[in-house]
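Residue-level structural notes
Here's the letter readout for the chains.
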Amino acid sequence: MSKYSNNKDINKSVKELIRNGWEPLTKVKGKHLKILAPNGKWLTVPTSPSDVRAVTNFKKQARKITGIDLGFMMGV
């Protein structure tokens, strides 16, 4: 799957997370993609975000799950 979200920044962030060990969960019930962190926690990817803070919120949730600042990796 090459496109995870309609938002280009979220899509880029998801691709970067996957390159860094996260796994996309393909067999999940529902419409939203989920990605699994290396520590076993999952994060829901907004496929068509309408909130202007969607990118910031997504990155903040990823940072909360991993416990490290992902800004250096995702260009915050």
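Described in the following lines is the structure provided in the data block. All values reported here derive from a predicted model rather than from experimental measurement.

Here helix 2 (residues 54-66) contains 13 residues, and its C-alpha end-to-end distance of 18 Å stays within 8% of the 18 Å for a straight helix at 1.5 Å per residue. If you check which residues of helix 2 are buried, you get Ala54, Val55, Phe58, Lys59, Ala62 and Ile65. With its buried residues spanning 130° around the axis, helix 2 presents them on a single face. At the C-terminal side of helix 2, glycine 67 shows a positive phi close to 80°.

Sheets are built from strands that pair by backbone hydrogen bonding, the pairs being arranged parallel or antiparallel. Ordered by their spatial adjacency, 3 strands build an open sheet running 1-2-3, and the pairing between neighbours is antiparallel. Looking at the sheet topology across the chains shown, the edges are occupied by strand 1 (23-25) and strand 3 (42-45). Averaged over all neighbouring strand pairs, the angle between strand axes comes to 35°, with direction disregarded. With respect to the sheet, helix 2 is in contact with strand 2 (33-36) and strand 3, its orientation differing from that of strand 3 by roughly 170°.

A word on the pattern of salt bridges. Counted according to the given criterion, the structure contains 2 salt bridges. Salt-bridge contacts for glutamate 16 lead to arginine 19; the nearest nitrogen and oxygen are separated by 2.7 Å. In this pair, glutamate 16 and arginine 19 both sit in helix 1 (residues 8-19), 3 residues apart, roughly one turn of the helix. Residue class for glutamate 16 comes out partly exposed when judged on its relative accessible area of 21%. For the salt bridge of arginine 53 with aspartate 51, the shortest nitrogen-to-oxygen distance reads 3.5 Å.

So, on to the environment of asparagine 39. By secondary structure assignment, the location of asparagine 39 is in the loop between strand 2 and strand 3. Sequence-distant contacts of asparagine 39, defined by excluding residues within four places in its chain, comprise Ile65 and Thr66. A distance of 3.1 Å separates a polar atom in the side chain of asparagine 39 from the backbone nitrogen of lysine 41.

Conventions adopted
- Residues numbered from 1 in each chain as written.
- Predicted model: local features only at pLDDT ≥ 70, side-chain atom pairs only at ≥ 80, totals over all residues.
- Heavy atoms only, no water.
- Helix = DSSP H or I, 4+ residues; strand = E, 2+ residues; numbered from the N terminus.
- Expected span 1.5 Å × (residues − 1).
- Buried < 20%, exposed > 50% of the residue type's maximum accessible area, 1.4 Å probe, protein only.
- Arc of directions from axis to C-beta.
- Pairing = 2+ DSSP bridges.
- Axes fitted to C-alpha atoms, helices over the stretch in contact; angles between N-to-C directions.
- Contact = heavy atoms within 4.5 Å.
- Salt bridge = Lys/Arg side-chain N within 4 Å of Asp/Glu carboxyl O.
- Polar contact = N/O pair within 3.5 Å; in protein donor to acceptor, adjacent residues only side chain to side chain.

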